[in-house]
There are 2 protein chains.
Amino acid sequence: MTNDPLVIFTPSGKRGHFPVGTPILTAARQLGVDLDSVCGGRGICSKCQITPSYGEFAKHGVTVDENALSEWNAVEARYDEKRGLKKGRRLGCQASVQGDVVIDVPPESQVHKQVVRKRAEARDIILDPTVSLYYVVVNEPDMHDPSGDLERLTMALKDQWDIDGVSADLHILGIMQPILRKGEWKVTVALHQGRTGEPPRIMHLWPGFYEGTIYGLAVDLGSTTIAAHLCDLRSGVVVASSGIMNPQIRFGEDLMSRVSYSMMNAAGAAEMTNAVRAGMNQLFDQIASEGEIDKTLIMDTVFVCNPVMHHLFLGIDPFELGQAPFALATSDAIRLNARDLGLDIHPAARTYLLPCIAGHVGADAAAVALSEAPDKSDDLVLVVDVGTNAEILLGNREKVLACSSPTGPAFEGAQISSGQRAAPGAIERCEIDPVTKEPRFKVIGSDLWSTEDGFMDAIATTGVTGICGSGIIEIVAEMRMAGLVDAPGLIGSPEQTGSDRIFLDGRTHSYMIYDGSADGGPVITVTNRDIREIQMAKAALYSGARLLMDKFGVDKVDRIVLAGAFGAHISTKHAMVLGMIPDAPLDKVTSAGNAAGTGARIALLNRAARTEIEATVREIHKIETAIEPRFQEHFVNASAIPNAVEPFPILNSIVTLPTATFNTGGGGDGGRRRRRG
Amino acid sequence: MTNDPLVIFTPSGKRGHFPVGTPILTAARQLGVDLDSVCGGRGICSKCQITPSYGEFAKHGVTVDENALSEWNAVEARYDEKRGLKKGRRLGCQASVQGDVVIDVPPESQVHKQVVRKRAEARDIILDPTVSLYYVVVNEPDMHDPSGDLERLTMALKDQWDIDGVSADLHILGIMQPILRKGEWKVTVALHQGRTGEPPRIMHLWPGFYEGTIYGLAVDLGSTTIAAHLCDLRSGVVVASSGIMNPQIRFGEDLMSRVSYSMMNAAGAAEMTNAVRAGMNQLFDQIASEGEIDKTLIMDTVFVCNPVMHHLFLGIDPFELGQAPFALATSDAIRLNARDLGLDIHPAARTYLLPCIAGHVGADAAAVALSEAPDKSDDLVLVVDVGTNAEILLGNREKVLACSSPTGPAFEGAQISSGQRAAPGAIERCEIDPVTKEPRFKVIGSDLWSTEDGFMDAIATTGVTGICGSGIIEIVAEMRMAGLVDAPGLIGSPEQTGSDRIFLDGRTHSYMIYDGSADGGPVITVTNRDIREIQMAKAALYSGARLLMDKFGVDKVDRIVLAGAFGAHISTKHAMVLGMIPDAPLDKVTSAGNAAGTGARIALLNRAARTEIEATVREIHKIETAIEPRFQEHFVNASAIPNAVEPFPILNSIVTLPTATFNTGGGGDGGRRRRRG
């Protein structure tokens, strides 16, 4: 038995006996307690703040008296005076053990802080990025024992932080010597620590103790938009979020048209590579400006994207992705220097691309898998991420299946006669009165319905400009529920529907949503062709999900997670009315928001998540829809529009479909329905 | 006991029993016999040629009959027809074991070929470069089990060559897919394999079997000249050698003037970095053109240079090297991508810089140590490498000391009144008749002495233009031996010397070597200031060597190796007359030629040599001449010029020095000589 005082840390519960005079930081390190420190215990960084608890702790069997820690010292007093120390707090590197003591490590003093996610059901992120800061004191050069400044710096990291085998980026060699001297041989090092076996790499140096922070970017590189989150790598907090249109759009709206562009033009792929990289730099400038940070403090980047975007961003011609067998150039995760992609941030910044799952199932799907973790789910979960392509995952702890389905850009408002991207002025919500067949709608930029007072004033600057993706989905669903469209997708005549908003438009009918022509504005209608586009898109989506269910050998899923545009903008109710997704109880359908972006953020903030998702992706079973006859079969069967779905009562109907239609997934074939087991 | 036939390989002597039908290549691999193969035994590359021996082998206890190997097959016949197979040769991958057999592996079939060095005493180089070629057959993509082309390629390297953890350069991703398809899933891979733990990296791909070779460059980056050897990495042969002036010369002739330039000009270091990198690319273009090769086939580069050149080449301001404590930015070896230095060769080419020993003792000295291996010498060897700076190594198996001495550029013809670089027209050899005091000389570009018939015709195109480094050394030594210069270094008057070639030139005398003024040519003289320059330079060199001897605790060395300009151009006899180097029996003084360049070539051709020299350099004791009082003392004592050295009889003398002067090392102080123990 030792007579040394007992030190107990909360919340970890770790405990040990330490000689009188041991600094709390030292005790924490020896016990493996997660207590932060950048300066290594020199009383400079104040990251190691702890709260001693006094009194009797029956469950620990200790009594802590007021002399349990050394007295408040000059370093703590100076820090308190300069920056203010919360009442009851001590600096772990200054306060030393004098008697039995219980020490609480507050969340902000933990190295591996929990970054809390907004959704209740989602796991928090443990902060452990690839780039961290270390303060070191470096030996001065000695002519009698000559060695390079870099070698003495790496020796300091070894001696003071137990980090071995450190190397340095070439640009560090160019800037290191004046910095070491300016800091009088004390420097703060930004160190990249990648996978096991990958040598730690010095990315940046600041003279003396660097008070600031460093940043990373989680980027969702979509076919249509590029969205980025700027994260503080010391706190895990999102400092700014920003997005731009993908400049590749001028080469083609959807993926296949861009692949075609590269096939038709010798330098096409290179042009698109240049365009997306230039766009990326523009976005980075924009987000750095919004976050009011120096963009050279951005030291890590994580990208998620579909395979075509992935290849074009890396400078790979996506030719092979345009034809069977859809061979990816590379499917594994990619680690490289950001500068090799022409990214103009910190010169030593790193880039990580999540692995691709298959030729049509990209790093974005991998990111969704990382965020939603179907492989860790006890019940069977269907994860659907809708962009220009839909990524679909189905699985549980036993196995996970994945596929991609070419929904096309209709869900994003493209290829729709009055369609437009989600921007102020676009119709995003719609309701159609089943009796009067009159619509009311909301446009982006106003919370008022079009029928409410003040609507015209509220939208005076933008006007009503078109219909965005969520708008067209609601409109088509509402038209079906109002009896303006039949199950096979034909808009009825004014006579059949009893609506004077319906008019003959060529060989089919159209429905007038809004007529702004009196004020020189647009006439916004929904044509039968628009209905067809939405039918094709939703059939593709539904068929993919149904195919995975077939492969899994199930007829229903326990829960559905909607990610991407779905969660953010598309109404779950209307999606189910349209038959975009298989049926499930509404309380088992949750929205994950931009799950791909969240996956990117997880990979940015937690380096273990990278190796984790790489292992997960290797285990995912890939299903190629293009070679599955059942996919075509499901597709044909899924093009009809059911007119209601539990728990929404059938409001009006021209064709009444058998109930079975709804139970098996919203697909219908206008009467010639085949059931599958 | 097995009944399987016995296979014995020569010259290795390795042996083992193998089942009938085992290909010889397979047997060799299993026994670890060094038998080359690029195609992995597919009968394509023909690198695995072997020669079976028949008859009775008493010492091995086997008799080999003519049926010991399988019959000559169609693959061998086709190769013989297309390319010709030497009589008696078989392809190791085709010929299989049928009975006891003795197999000789000819030198050209060994993977780790010996690259023979010209000098008898030098160790041969074992060919084992960092970049090698491998032929693989890659699985085709499969939609049912999707994986990236790169992943299937790396799997092929694992399965077919047992090379694990292979990654690829970004540019490979951009070019790989068409190459795999063009080669119908058969490709030749150029693979970089660095240190243990460094993942092998795909640098290049050729469709099908690549019949050609790949190259590397060993570069000696000197203050004055940059010299490169272009080596075939498959054979180790030097394909071309070329050199250019270092374009940094416009910023200053010697190292310290370049350091000053960087101190005086904000962008000075960057200017010099750009200049040397541009020069490097010019040299590479030149050598590729001379070698008649495509320069993108250059995949590896090794550089040796002094610390200032090292820093400027890497883009590091050499500021700190210009002042005590002469701190290097980094002393360890550097491994990086050639493109990061702006080198325009293969896009994935690698660069290796040998480690520096100290602030004044660079990677060039390390290269000399690698080439001359004082650390492996049984007797005590002094290695002296003269460039603008002199690198000096002294040691044996027990320990090695190193220092650098600032000889300045006089030995290269700079700072000499009629001095010039070694180029056609420069006086490079000289003899002065001790009786008549008349000189005769040779100029670069002609083998005739100036006194021989036809000399003027032979030099008609160049004329006599000046005196190069080796010339001035010979002239000063000859002047001393002819009694034109006294031991302290003063040129005598015409009266004292009895030579009408001596004339009053300001306050001192000069000696006329050549008067071409009648033909509009130059008047070439040696001034007393020139003598002083040579005295300073040789005193610096001698003092450095003497300092190392003091530190080693010895008064003489067993042998001397002269490297650099010495071996190539400077006469050993005259160097010893001048007292540039300590005394040693002439048969113990050898010339190593460009040892730094050779060291670079060794590091290029043998990757183990890199880790070896890195370990050696860590063990070398560095002596900083600038802080050694004894260096100054030696320097003062060494400025005098002895007038002879054994075994050269004293021909003429103004001041007769005690014999001790010559025995202790050629230094003299004009009578006030102090001896050291």
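Note that this is a predicted model, so its numbers are computed, not measured.

1. With respect to the relation of the copies chain B and chain A
Part 1 of the reasoning: Its rotation angle being 180°, the transformation that places chain B on chain A also includes 0.0 Å of axial translation and leaves an RMSD of 0.1 Å. In short, the pair behaves as if placed about a two-fold rotation axis. Measuring from the rotation axis to each C-alpha of chain B, the shortest distance belongs to B:G197, at 3.7 Å.
Part 2 of the reasoning: Comparing interface residues between copies, 100% of those in chain B also sit at the interface in chain A, which points to an isologous, same-surface contact.

2. Regarding the interface of chain B and chain A
Part 1 of the reasoning: Taken residue by residue, the interface counts 35 residues in chain B and 35 residues in chain A.
Part 2 of the reasoning: Within the residue set of the side of chain B that touches chain A, elements represented by two or more residues are helix 3 (149-161) and helix 4 (170-182) of chain B.
Part 3 of the reasoning: Counting residues per element, the side of chain B that touches chain A draws most heavily on helix 4 of chain B, which supplies five residues.
Part 4 of the reasoning: Considering only residue class, the side of chain B that touches chain A consists of 18 nonpolar, nine polar and eight charged.

3. Remarks on the packing of helix 5 (residues 255-264) of chain A against helix 6 (residues 268-290) of chain A
All names here are of chain A.
Part 1 of the reasoning: Where helix 5 meets helix 6, the closest approach of the two axes is 6 Å, and the angle between their N-to-C directions is 130°. Regarding the angle of helix 5 to helix 6, the classification is oblique. Residues R258, Y261, S262 and M264 of helix 5 lie in contact with helix 6, whose contacting residues are G268, A269 and M272.
Part 2 of the reasoning: Considering only residue class, the contact of helix 5 with helix 6 consists of four nonpolar, two polar and one charged.

4. Topic: the sheet that holds strand 14 (residues 215-221) of chain B
Residue and element names in this part refer to chain B.
Part 1 of the reasoning: Taken in spatial order, the six strands line up as 16-15-14-17-19-18 in an open sheet, and their pairing is mixed. Each edge of the open sheet is held by one strand with a lone partner, namely strand 16 (238-245) and strand 18 (334-337). Taken over all neighbouring pairs, the strand axes of this sheet differ in orientation by 20° on average, direction set aside.
Part 2 of the reasoning: Pairing of strand 14 with strand 17 (residues 298-305) involves seven bridges; the strand directions are parallel.

5. Things to note about the pairing of strand 23 (residues 426-432) of chain B
Residues and elements named next belong to chain B.
Part 1 of the reasoning: Where burial is concerned, most of strand 23 is hidden: six out of the seven residues are buried.
Part 2 of the reasoning: In this structure, strand 23 lies alongside strand 25 (residues 466-467), joined through two bridges in parallel fashion. The residue bridging I427 from the neighbouring strand is I467, located in strand 25.
Part 3 of the reasoning: Across five bridges, strand 23 lies against strand 24 (residues 439-443) in antiparallel orientation. Along strand 24, the bridge assignment pairs I427 with V443.

Cut-offs used in this document
- Residues numbered from 1 in each chain as written.
- Chains lettered and ligands numbered in written order.
- Predicted model: local features only at pLDDT ≥ 70, side-chain atom pairs only at ≥ 80, totals over all residues.
- Least-squares fit on C-alpha atoms with pLDDT ≥ 70 in both.
- Contact = placed C-beta atoms within 7 Å.
- Helix = DSSP H or I, 4+ residues; strand = E, 2+ residues; numbered from the N terminus.
- Nonpolar A, V, L, I, M, F, W, Y, C, P; charged D, E, K, R; others polar.
- Axes fitted to C-alpha atoms, helices over the stretch in contact; angles between N-to-C directions.
- Parallel < 35°, antiparallel > 145°, perpendicular 65-115°, else oblique.
- Pairing = 2+ DSSP bridges.
- Buried ≥ 20, exposed ≤ 12 C-beta atoms within 10 Å, placed from the backbone.

It is worth stressing that arrangement in space is one thing and function is another; only the former is reported here.
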